[in-house]
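Structural overview for review
Listed here are the chains, written in short residue letters.
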Amino acid sequence: MAFSPIAHGELGAIVTSLEMTNRPPLRALPASELRLERWQAPTADAYRTLYRRIGEPWLWFSRLALDDADLLHIIHDPAVRIWAVLDRRGIEVGILELDFREAGQCEIAFFGLVPELTGKGHGKWLMAMALQMGWAEADVQRMWVHTCTLDGPYALAFYQRSGFIAYQRQLETFPDPRLNGLIPRDAAPHIPIITAVSAQKADD
């Protein structure tokens, strides 16, 4: 068994990619009090606000690292379709982003609910909606998604139960986004921050 230390100030994650290459059979839509509202052209600030509310506990940061122009270039692309998940009061509590930019494929780019809604069965409804809309495109032959070990502990099993098959695993390392100001330092307390200073203190 070999161990490869990760540099101080960085994080490491195992990324698992999963795919579905056949349209799933029609099933009854799971019950939910939530609904989807298409975001035709969200502002950069509105998008980041919802992205943060959903993703900070899991250290989502990729879209926060983009400037406005680069972010809008993606989320305003006609082949990238985004829905906000709304509760009964009309408050945004989740996101579904499907990326059709590669011919014949649909990537579930972002999929999530605010932390207070997790574990209540709403994810099954949201996945049913994602599959319905992804496979509705006539030329789609494959849907895929990736998750990593920084995501919720049940994310990988959830995608597998939804019909996705794992086909690739990768190790990804990157600067801890809490150290460069992209995400508050107190986010994701279950993932300790390790810097050269903290390591030195541990040795003292």
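Treat the numbers as computed from the prediction; the structure is a model and nothing was measured.

**With respect to the pattern of salt bridges**
Under the counting rule described, the total for this entry stands at 10 salt bridges. As a salt-bridge pair, Arg142 and Glu19 come within 2.7 Å of each other at their nearest N and O atoms. Taken together, the positions of Arg142 in strand β6 (residues 142–148) and Glu19 in strand β1 (residues 10–20) put the pair 123 residues apart, joining distant regions of the chain. Take Glu19: its relative accessible area is 22%, and that puts it in the partly exposed class. For Arg89, the salt bridge is made with Asp87, and the minimal N-O distance between the two is 2.7 Å.

**Some points on the nonpolar core**
Residues Leu36, Tyr47, Leu96, Ile108, Met127, Tyr159 and Phe164 are the most contacted members of the largest nonpolar core, which totals 60 residues. With sequence-adjacent residues up to four places away left out, Phe164 is seen in contact with Leu18, Glu19, Met20, Ile108, Met127, Leu131, Met143, Trp144, Val145 and Tyr159.

**Quick word on helix α2 (residues 68–75)**
Counting along an α-helix, one turn takes 3.6 residues, and residues three or four places apart therefore face a common direction. Where α2 is concerned, the buried positions are Leu71, Ile74 and Ile75. Taken end-on, α2 shows its buried residues confined to a sector of 85°, consistent with a single buried face. Summarising the geometry of α2, the exposed residues directed more than 90 degrees from the buried face are Ala69 and His73. The secondary structure elements touched by the buried residues of α2 are α1 (44–55), β3 (80–86) and β4 (92–99).

**What about the side chain of Arg63?**
By secondary structure assignment, the location of Arg63 is in the loop between α1 and α2. Ignoring any residue separated from it by four or fewer positions in sequence, one finds Arg63 in contact with Tyr47, Arg48, Tyr51, Leu71, Ile74, Ile75, Glu97 and Phe110.

**Notes on the sheet that holds β6**
In spatial order, the strands read β2-β3-β4-β5-β6-β1-β7; together these seven strands make up an open sheet with mixed pairing. Where the open sheet ends on each side, the last strands, each with one partner, are β2 (35–39) and β7 (165–175). Strand-to-strand twist of the sheet, defined as the mean angle between neighbouring strand axes without regard to direction, takes the value 25°. Inspection of the sheet shows strand β5 (residues 105–113) paired to β6 by three bridges, in the parallel sense. Within the sheet, the bridge partner assigned to Cys106 lies in β6 and is Met143. Packed onto the sheet, α1 meets β2, β3, β4 and β5 and runs at close to 105° relative to β4.

**Things to note about the packing of aromatic side chains**
In the structure shown here, the tally under the stated rule is nine aromatic pairs. Each ring, one from Tyr51 and one from Trp60, has its centre 5.5 Å from the other, and the planes form 55°; the classification is tilted. Taking relative accessible area as the criterion, Tyr51 reaches 1% and is therefore assigned buried. Exposure remark for Trp60: the relative accessible area of 14% places this residue in the buried category. Ring plane angle 35° and centroid distance 5.1 Å describe the contact between Phe61 and Phe174, whose orientation is recorded as tilted. Residue Phe61 is located in the loop between α1 and α2, and its partner Phe174 is located in strand β7; the two are separated by 113 residues in the primary sequence. What makes Phe174 buried here is its relative accessible area of 8%. Taking NZ or CZ as reference, Arg38 lies 5.4 Å from the ring centre of Trp83, over its face.

**Some thoughts on the environment of Leu34**
With respect to the secondary-structure elements, Leu34 resides in the loop between β1 and β2. Those residues in contact with Leu34 that sit more than four places away from it in its chain are Val85, Leu86, Asp87, Val93, Leu113, Leu117, His122 and Trp125.

**A word on the state of the cysteines**
According to the stated counting rule, one finds zero disulfides in the structure shown. Lacking any disulfide linkage, Cys106 is separated from the closest cysteine sulfur, that of Cys148, by 20 Å. What makes Cys106 buried here is its relative accessible area of 0%.

**What about the environment of Ala188?**
Relative to the assigned elements, Ala188 resides in the loop between β7 and α5 (196–203). The exposure class of Ala188 is buried, given its relative accessible area of 5%. On a C-alpha basis, the gap between Ala188 and Asp45 in space is 22 Å, while along the polypeptide they are 143 residues apart. With sequence-adjacent residues up to four places away left out, Ala188 is seen in contact with Glu56, Pro57, Leu59 and Arg178.

Each value, and the rule that gives it
Residues numbered from 1 in each chain as written. Predicted model: local features only at pLDDT ≥ 70, side-chain atom pairs only at ≥ 80, totals over all residues. Heavy atoms only, no water. Salt bridge = Lys/Arg side-chain N within 4 Å of Asp/Glu carboxyl O. Helix = DSSP H or I, 4+ residues; strand = E, 2+ residues; numbered from the N terminus. Buried < 20%, exposed > 50% of the residue type's maximum accessible area, 1.4 Å probe, protein only. Core = buried A, V, L, I, M, F, W, Y, C linked by side-chain atoms within 4.5 Å. Contact = heavy atoms within 4.5 Å. Arc of directions from axis to C-beta. Pairing = 2+ DSSP bridges. Axes fitted to C-alpha atoms, helices over the stretch in contact; angles between N-to-C directions. Phe/Tyr/Trp six-rings, centres within 6.5 Å; stacked < 30°, edge-to-face > 60°. Lys NZ or Arg CZ within 6 Å of the ring centre and 35° of its normal. Disulfide = S-S within 2.5 Å.

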